[in-house]
Amino acid sequence: MHSTLLRSSPTKRTFVSEHHGPFPALSLNDMEAKQHPIKSLKSYPETGGRSLAAAPGGDGVGGGGGGGGGYRAGSAEMDMEAKIQKAIDFKVEGHRCYKEKKFREAIGKYHRALLQLKGVHVIDGTAGSEVNLLSQAGTKMTEDQRRAVERTEIECYDSLTACLLQSELVNYERVKEYCLKVLSHQRDHFKAMYRAGIAFYHLGDYECALRYLRDAKNREPSDTNVLRYIQLTEMKMSKQSGKETQG
């Protein structure tokens, strides 16, 4: 975990409660002091990881008489499936560590899952512009494999932000980075919008914070955590505007 920290709040932990209830009128300092840890990872759809070997087009063995090119393609397909499955396994291990509150271990598992997926993109020929012999052999991900890769990437980056927000010293730059990666895959991801807003808020970029928080509010209009951070952000912007006017 990176130690770099950009903060605008004097408290050590700057999280918010997920309990919904009345929204009292509080001062800026009181509201910031009321933040509590975010609970996440509410569901884990894969408990062991389904093997992709049976996916359409995932036969890793070429027909008879395929020659050297067919052998390379078959080996690459098998390697791709193995990497995707390994990534899913690491992700599931990360979820287990998170539930056990072993956040450092969970972060390591999610990073290892993403490393496996990076290898998949290289095999598929989609990572960078360099020519890859395996992609020349005709190895491409099936639609099922692409969906599995994208779903795993989204879950890993989303879960990484949840882990980082449990740290005593939160690296909001990294939280922002991972939230934006989730949103690049899924633009309407509520938690990524909300957490991106939190990250921008603590990085002092209140305009961006307000934009993401309002997007999150559009998805969940009654979420008290979102409403609280919108109010905090607007108060910060008002203070900032007042200082500029006096200057």
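Residues numbered from 1 in each chain as written. Predicted model: local features only at pLDDT ≥ 70, side-chain atom pairs only at ≥ 80, totals over all residues. Heavy atoms only, no water.

(A) Highlighting the packing of aromatic side chains. As enumerated under the stated definition, the model contains 7 aromatic pairs in all. Ring centres 6.5 Å apart and planes at 70° place the aromatic pair Tyr194 and Tyr229 in the edge-to-face group. Here the residue Tyr194 occupies a position in helix α7 (residues 190-202), and Tyr229 occupies one in helix α9 (residues 224-246), the gap between them amounting to 35 residues. Ring plane angle 80° and centroid distance 5.3 Å describe the contact between Tyr201 and Tyr229, whose orientation is recorded as edge-to-face. Residue Tyr201 is located in helix α7, and its partner Tyr229 is located in helix α9; the two are separated by 28 residues in the primary sequence. For the pair formed by Tyr201 and Tyr229, the shared burial category is buried. An aromatic cluster of at least three residues, connected via ring pairs, comprises Phe190, Tyr194, Tyr201, Tyr206 and Tyr229. The cationic tip of Lys86 hangs over the ring face of Phe90; the distance from NZ or CZ to the ring centre is 5.1 Å. (Phe/Tyr/Trp six-rings, centres within 6.5 Å; stacked < 30°, edge-to-face > 60°. Helix = DSSP H or I, 4+ residues; strand = E, 2+ residues; numbered from the N terminus. Buried < 20%, exposed > 50% of the residue type's maximum accessible area, 1.4 Å probe, protein only. Lys NZ or Arg CZ within 6 Å of the ring centre and 35° of its normal.)

(B) The arrangement of the packing of α7 against helix α8 (residues 206-219) in detail. Two elements in contact, α7 and α8, have axes separated by 7 Å at closest approach and are oriented at 155°. Classified by the interaxial angle, the pair formed by α7 and α8 is roughly antiparallel. In the crossing of α7 with α8, the sense of the turn from one axis to the other is left-handed. Contacts between α7 and α8 involve Phe190, Met193, Tyr194, Ala196, Gly197, Ile198, Phe200 and Tyr201 on the former and, on the latter, Tyr206, Cys208, Ala209, Tyr212, Leu213, Asp215, Ala216 and Arg219. Among the residues forming the contact of α7 with α8, the class breakdown is 13 nonpolar, 1 polar and 2 charged. (Axes fitted to C-alpha atoms, helices over the stretch in contact; angles between N-to-C directions. Parallel < 35°, antiparallel > 145°, perpendicular 65-115°, else oblique. Left-handed = near helix turned anticlockwise from the far one by under 90°. Contact = heavy atoms within 4.5 Å. Nonpolar A, V, L, I, M, F, W, Y, C, P; charged D, E, K, R; others polar.)

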